[in-house]
Protein chains: 2
Amino acid sequence: MAALGDQSEEQAMAAQPKPQNRPISNIVIVVAMQTEALPIVNRFQLTEDPDTPFPQGVPWVRYQGTYKDLNISLIWPGKDPTLGVDSVGTISSALVTYAAIQALQPDLIINAGTAGGFKAKGASIGDVFIVSDCAFHDRRIPIPVFDLYGVGLRKAFVAPNLVKELNLKVGKLSTGDSLDMTQQDESSIIANDATVKDMELLLMFLTF
Amino acid sequence: MAALGDQSEEQAMAAQPKPQNRPISNIVIVVAMQTEALPIVNRFQLTEDPDTPFPQGVPWVRYQGTYKDLNISLIWPGKDPTLGVDSVGTISSALVTYAAIQALQPDLIINAGTAGGFKAKGASIGDVFIVSDCAFHDRRIPIPVFDLYGVGLRKAFVAPNLVKELNLKVGKLSTGDSLDMTQQDESSIIANDATVKDMELLLMFLTF
């Protein structure tokens, strides 16, 4: 995997979405697992939408409610219909996020959940991080430019007020579809300069 | 990664879609790269749809045309807007396939393209394979049941007439988001009993 040099940083910056001036009113929170969803559902007293905006037959779940003047939808890919486990991983998250963008036209998408953290990079159990950058560590395509595509470095929205108000830690995140970590994954995670590791985070830069 | 035992075989069989009796009229062909698309586009004299059924701003491309009494759409995820390379890999393929299912309601989806083959399993350069089974080799989740979810074994439609008519080879395929092959990938590919390896094939078992 290529190291992330200046060129890819610039490209990632260029790909960063431009914040819009209109107020945020529709928020979509995407989570991967039911156990990650329920504390948020309970905190905001969201209710499960029996008539989701998603196609009939998909296992995707939407909880909805309001908080102050915000409409909140929490989206969860649901359980695998055959095996009964949570549909974790990047593909399910990408699909449900895409479908939520189409159906709900959110002003803001928050991908929330538990993640691993690296002590050597300053992470401790119980820390709450906000992600500044995310990249893949398991899409190795050793062909020029395709290597950068595979890593897929993206900047997240900057949210300095949120960081200050909630006293959050800020770190880079590396994502991939495996829970374990091979030697190659570890090298890529180091190249990604990641403090946090998860299995779903992907920022979708759809320009609509 | 768990070996694929009897239980997962049964589960994969249970997840196999039931063929329907209505005639096939709408076919969607999904390919990952432009170089894979163009020979099919030329062979069937398909034309690029300037007004695709996809959301504004996505780079997804649709070519369409007819062959005998069949409506054919060839879908390609297009180029990465920032880097300019083909949007290869499982996430792009899943998204564009989902969007094509929604927009075009196909009777049959064909995922076509070039792939690697293992000589030790009987594959040679230039062979044309039809895939009997597919599974992931880079989604390692070593927790009971989640391990099977990660592997994601699926049976493809059986097409004995097609195999006979075109004298195709039949084999199992293993997919993943990397072009190279780590030791862990190789072990998983062997566990998947794969003859063919690619970077996109995923059969979507949406029940709508």
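Residues numbered from 1 in each chain as written. Chains lettered and ligands numbered in written order. Predicted model: local features only at pLDDT ≥ 70, side-chain atom pairs only at ≥ 80, totals over all residues. Heavy atoms only, no water.

**What about the overall build of chain A?**
Link 1 in the chain: Each helix and strand counted, chain A has six helices and 10 strands in total.
Link 2 in the chain: Split into buried and exposed, the 208 residues of chain A put 47% on the buried side.
Link 3 in the chain: Partitioning the intrachain contacts of chain A with sequence separation of at least 6 by distance along the chain shows that 68% fall at a separation of at least 24.
Link 4 in the chain: For chain A, the exposed surface amounts to about 10,700 Å²; the carbon and sulfur share of it is 54%. (Helix = DSSP H or I, 4+ residues; strand = E, 2+ residues; numbered from the N terminus. Buried < 20%, exposed > 50% of the residue type's maximum accessible area, 1.4 Å probe, protein only. Contact = heavy atoms within 4.5 Å. Areas by Shrake-Rupley, 256 points an atom, 1.4 Å probe, with all protein chains shown as cover.)

**A closer look at unusual backbone geometry**
All names here are of chain A.
Link 1 in the chain: In this model, Gln45 sits at a positive phi of 50°, which is unusual for a non-glycine residue.
Link 2 in the chain: Tracing the chain through its elements places Gln45 in the loop between α2 (34-43) and β2 (47-48).
Link 3 in the chain: Take Gln45: its relative accessible area is 67%, and that puts it in the exposed class.

**A few points about helix α6 (residues 183-191) of chain B**
Residues and elements named next belong to chain B.
Link 1 in the chain: By the burial criterion, the buried members of α6 are Asp185, Ser188 and Ile189. Across the axial projection of α6, the buried residues extend over an arc of 105°, all falling on one side. Exposed residues pointing more than 90 degrees away from the buried face of α6 are listed as Gln183 and Ile190.
Link 2 in the chain: The inward-facing, buried residues of α6 abut β9 (169-175) and β10 (196-198).
Link 3 in the chain: A positive phi of about 55° marks Asp193, the residue just after α6. (Arc of directions from axis to C-beta.)

**Considerations on the pattern of salt bridges**
Link 1 in the chain: A full pass over the atoms with the stated rule returns 18 salt bridges over all chains.
Link 2 in the chain: Put simply, Asp180 of chain B and Arg140 of chain A hold a salt bridge, and the shortest N to O gap is 3.0 Å. Of this pair, Asp180 of chain B sits in the loop between β9 and α6 while Arg140 of chain A sits in the loop between β7 (129-136) and α4 (146-151), which puts the two residues in different chains.
Link 3 in the chain: According to the relative accessible area criterion, Arg140 of chain A is buried, its value standing at 6%.
Link 4 in the chain: Notably, a salt bridge pairs Asp185 of chain A with Arg140 of chain B, separated by 3.1 Å at the nearest N-O pair. (Salt bridge = Lys/Arg side-chain N within 4 Å of Asp/Glu carboxyl O.)

**Focus on the sheet that holds strand β5 (residues 108-111) of chain B**
Residue and element names in this part refer to chain B.
Link 1 in the chain: Across the sheet, which stays open at both edges, the five strands sit in the order β2-β3-β4-β1-β5 with mixed pairing between neighbours. Of all the strands in the sheet, just β2 (47-48) and β5 have a single pairing partner and so form its edges.
Link 2 in the chain: Pairing geometry for strand β1 (residues 26-30) and β5, over four bridges, is parallel. Its bridge partner being in β5, Ile27 is matched across the sheet by Leu108. (Pairing = 2+ DSSP bridges.)

**Examining the nonpolar core**
Link 1 in the chain: Counting 30 residues, the largest nonpolar core has Trp60 of chain A together with Trp60 of chain B as the members making the most contacts within it.
Link 2 in the chain: Of all the secondary structure elements, the ones that give two or more residues to this core are β1 (26-30) and α3 (90-104) of chain A together with β1 and α3 (90-104) of chain B.
Link 3 in the chain: Among all residues touching Trp60 of chain B, those that are not within four sequence positions of it are Tyr98 of chain A together with Thr52, Phe54, Pro55, Trp76, Pro77, Leu95, Val96 and Ala99 of chain B.
Link 4 in the chain: Counting residues in each nonpolar core, the second largest holds 13 residues, with Ile27, Val31, Tyr63 and Trp76 of chain A among its members. (Core = buried A, V, L, I, M, F, W, Y, C linked by side-chain atoms within 4.5 Å.)

**Quick word on the confidence of the model for chain A**
Residue and element names in this part refer to chain A.
Link 1 in the chain: Summing up the model confidence of chain A, the mean pLDDT is 89 and the portion of residues at 70 or higher is 87%.
Link 2 in the chain: Considering only residues more than four positions removed or in separate chains, one finds that residues 1-9, a stretch of pLDDT under 50, has 18 contacts.
Link 3 in the chain: Note that pLDDT drops below 50 for residues 204-208; the model gives that stretch 20 contacts with residues more than four away or on any other chain.
Link 4 in the chain: Listed scores for the predicted complex are pTM 0.88 and ipTM 0.88. (pLDDT = per-residue confidence, 0-100.)

**Observations regarding the domain arrangement of chain A**
All names here are of chain A.
Link 1 in the chain: Looking at the assigned domains, one finds that chain A contains domain 1 (24-114) and domain 2 (115-198).
Link 2 in the chain: For domain 1 and domain 2, the distance between their C-alpha centres works out to 22 Å.
Link 3 in the chain: If you sort the residues of domain 1 by the area they bury against domain 2, Thr90, Leu108 and Thr114 come out on top, with a joint share of 79%.
Link 4 in the chain: For the pair domain 1 and domain 2, the interface holds zero salt bridges.
Link 5 in the chain: Our count for the contact surface shared by domain 1 and domain 2 stands at one residue pair in polar contact (both at pLDDT 80 or more). (Domains from an automatic or database assignment. Buried area = accessible area lost by both parts, 1.4 Å probe. Polar contact = N/O pair within 3.5 Å; in protein donor to acceptor, adjacent residues only side chain to side chain.)

**Topic: the side chain of Asp198 of chain B**
All names here are of chain B.
Link 1 in the chain: Relative to the assigned elements, Asp198 resides in strand β10.
Link 2 in the chain: Comment: no salt bridge for buried Asp198; closest opposite-charge side chain is Lys197, at 7.8 Å.
Link 3 in the chain: Here Glu200 takes part through its backbone nitrogen, which lies 3.3 Å from a polar atom of the side chain of Asp198.
Link 4 in the chain: Apart from residues lying up to four places away in sequence, Asp198 is in contact with Asn111, Thr114, Ala115, His137, Leu173, Ser174, Thr175 and Gly176. (Lys, Arg positive; Asp, Glu negative; His and termini not counted.)

**A few points about α3 of chain A**
All names here are of chain A.
Link 1 in the chain: Between its first and last C-alpha, α3 extends 20 Å over 15 residues, near the 21 Å set by a 1.5 Å rise per residue.
Link 2 in the chain: Across the 15 residues of α3, 13 count as buried, placing the element largely inside the fold.
Link 3 in the chain: Once α3 finishes, Gln105 follows within two positions and takes phi at roughly 45°, a positive value. (Expected span 1.5 Å × (residues − 1).)

**Considering the sheet that holds strand β6 (residues 116-117) of chain A**
Through backbone hydrogen bonds, the strands of a sheet pair up, either in parallel or in antiparallel fashion.
All names here are of chain A.
Link 1 in the chain: If you walk across this open sheet you meet the five strands as β6-β10-β9-β7-β8, and the pairing is mixed. Strand pairing shows two members of the sheet lacking a second neighbour, β6 and β8 (154-155), which therefore form its edges.
Link 2 in the chain: Where strand β9 (residues 169-175) lies against strand β10 (residues 196-198), three bridges are found, and the strand directions are parallel. The residue bridging Ser174 from the neighbouring strand is Lys197, located in β10.

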